[in-house]
Amino acid sequence: MAVIHHTVLKPTKLELLTSWLPSRPWYAGGAGAPELAKAGGFRLDDPQGEVGIEFVVVTDTCGAQPVAYLVPLTYRGAPLDGAEHALVGTMEHGVLGRRWAYDGCHDPVLTAQLHALIEGRIQAQDQNTSDVPDREITRSYTGDGFVPADFTTTATDDREGTELTSPHGTTLRLNRVLRPAPDDTSLLPPHATGHVAGAWHMPDGTSARGLFAVLYTGPRG
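The notes below deal with the structure included here. Here, residues in each chain are numbered from 1, in the same order as that chain's written sequence. Local features in this predicted model are restricted to residues of pLDDT 70 or higher, and side-chain atom pairs are both shown and tallied only at a pLDDT of 80 or more, whereas totals for entire chains, interfaces and linings draw on every residue. To get the side-chain values, take all heavy atoms of the structure and skip hydrogens and water.

The next point concerns the pattern of salt bridges. Any two side chains of opposite charge can pair, so long as their charged atoms come close to each other. Every case where a carboxyl oxygen of Asp or Glu lies within 4 Å of a side-chain nitrogen of Lys or Arg is listed as a salt bridge. What the rule picks out here adds up to ten salt bridges. Here E54 and K13 are joined by a salt bridge, their closest N and O atoms 2.7 Å apart. Of this pair, E54 sits in strand β3 (residues 52-60) while K13 is found in helix α1 (residues 13-20), placing the two residues 41 residues apart along the sequence. Its relative accessible area of 23% is what places K13 among the partly exposed residues. The closest approach of N and O atoms between E136 and R209, which form a salt bridge, is 3.7 Å. In this pair, E136 is assigned in the loop between α2 (108-118) and β7 (138-141) and R209 in strand β13 (residues 207-216), connecting sequence segments 73 residues apart. Within the structure, one salt-bridge network assembled from shared partners comprises K13, R43 and E54. Each helix is a run of H or I in the DSSP string that is no shorter than four residues. Each strand is a run of E no shorter than two, and both are numbered from the N terminus. Partly exposed describes any residue whose relative accessible area lies between the buried limit of under 20% and the exposed limit of over 50%, with all areas from a 1.4 Å probe on protein chains only and scaled to the type maximum.

At least two DSSP bridges between two strands are needed for those strands to be called paired. In space, the six strands of this open sheet follow the order β7-β12-β13-β10-β9-β8, with antiparallel pairing throughout. Strands at the two margins of the open sheet, each flanked by one partner only, are β7 and β8 (154-157). Geometrically, the sheet is characterised by an average inter-axis angle of 15° between neighbouring strands, direction not taken into account. Pairing between strand β10 (residues 171-175) and β13: four bridges, direction antiparallel. Pairing of T171 across the sheet is with Y216, part of β13. Working rule for contacts: check all heavy atoms of both residues, and any pair within 4.5 Å makes them a contact. Helix axes are fitted only over the stretch in contact, all axes being lines through C-alpha atoms; the angle between N-to-C directions runs from 0 to 180 degrees. Packed onto the sheet, α2 meets β7, β9 (161-165), β10, β12 (194-201) and β13 and runs at close to 100° relative to β12.

Our focus in this paragraph is the packing of aromatic side chains. Aromatic pairs are defined between Phe, Tyr and Trp rings, using the six-membered ring for Trp, whenever the two ring centres lie within 6.5 Å; interplanar angles under 30 degrees are classed as stacked, those over 60 as edge-to-face, and all others as tilted. Scanning the model with the defined rule gives six aromatic pairs in all. Between W26 and Y69, the ring centres sit 5.9 Å apart and the planes meet at 50°, which makes this aromatic pair tilted. Residue W26 is located in the loop between α1 and β2 (36-44), and its partner Y69 is located in strand β4 (residues 67-76); the two are separated by 43 residues in the primary sequence. For the pair shown, W26 and Y69 are each scored as buried. On the numbers, 4.6 Å between centres and 5° between planes, the contact of F42 with F55 is stacked.

With respect to the helices and strands, G30 occurs in the loop between α1 and β2. For the pair G30 and T162, spaced 132 residues apart in sequence, the C-alpha to C-alpha distance is 20 Å.

Attention shifts here to α2. Counting buried residues in α2 gives nine out of eleven residues, a clear majority hidden from the surface. Residues of α2 that are buried include every one of V109, L110, T111, Q113, L114, H115, A116, L117 and I118, and no others. Two residues or fewer past α2, G120 is found with a positive phi of approximately 85°.

Positive phi values are uncommon outside glycine, yet D131 reaches one of about 55°. As for its placement among the helices and strands, D131 is situated in the loop between α2 and β7. Notably, H191 is not glycine yet its phi reads approximately 70°, a positive angle. Structurally, the position occupied by H191 is in the loop between β11 (177-178) and β12.

What follows deals with empty space enclosed by the protein. In the cavity and pocket records, a cavity denotes points on a 1 Å grid over the protein atoms alone where a 1.4 Å probe fits but cannot get out, a pocket denotes an open set with protein on both sides within 12 Å along at least 5 of 7 lines, and lining residues are residues with an atom within 4 Å of a point. Grid points are joined across faces, edges and corners, and a volume is the space filled by probe spheres set on the points. This model, assessed by the stated rule, comprises two cavities of 30 Å³ or more. At the level of secondary structure, the elements contributing two or more residues to the lining of the second largest cavity comprise α1, β4 and β5 (87-93). Per-element accounting of the lining of the second largest cavity gives the leading share, three residues, to α1. Asp, Glu, Lys and Arg are counted as charged, while Ala, Val, Leu, Ile, Met, Phe, Trp, Tyr, Cys and Pro are counted as nonpolar; the rest, among them Gly, fall into the polar class. Looking at the lining of the second largest cavity residue by residue, the class counts come to seven nonpolar, no polar and one charged.

In this section: the side chain of Q127. With respect to the helices and strands, the residue Q127 is situated in the loop between α2 and β7. What makes Q127 buried here is its relative accessible area of 6%. Reaching out from Q127, the side chain makes a polar contact with the backbone oxygen of G40 at a distance of 3.2 Å. Pairing of N or O atoms within 3.5 Å defines a polar contact, subject to two protein rules: one partner must be a possible hydrogen donor and the other a possible acceptor, and residues neighboring in sequence count only if both atoms are side-chain atoms.

Below, the structure is given as structure tokens:
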């Protein structure tokens, strides 16, 4: 179980993301700096208790219309070998000391636990409170058996999200730009094997819900 420390971070997560987001292919803002606000998210536990895993939703109001982004992050007490390209930045944590924050799509601990969530082997955890499940996060899995544990991924960004492909023929797509889903539509796309969905807060105070991640274990058609 991850312990949530309510302490000071320098710089803050929003400060790190303000610098990092404009470098992403899926960033939809303009030339100015993002104007970010925390809008939601959830956490997953690392079975070894070493890596912090957080799925952060932020809204950016710098453009004509607000945009919501999903940013999976991992927090480590030492650099992750071979992941220099995925480093979001470093922070000083009031309890744990220096932490290296990574784009979690490039961290094998996060990708393994996200698969475990989709398959129903673990529960999403509240973003701000220790040992409290997040009931707003829903998931499904219709596959036969589990995805192999040695899920070595290749992450590719496009204008809407990130695709993780494996040697086993499995594809996991994360929607980085979040779209609210109509209430009367199915969140599970055609040919998908599983999904994760959740809710976030809009700048006007309303709540939106949409698809965070989709798992494919066969042809998409």
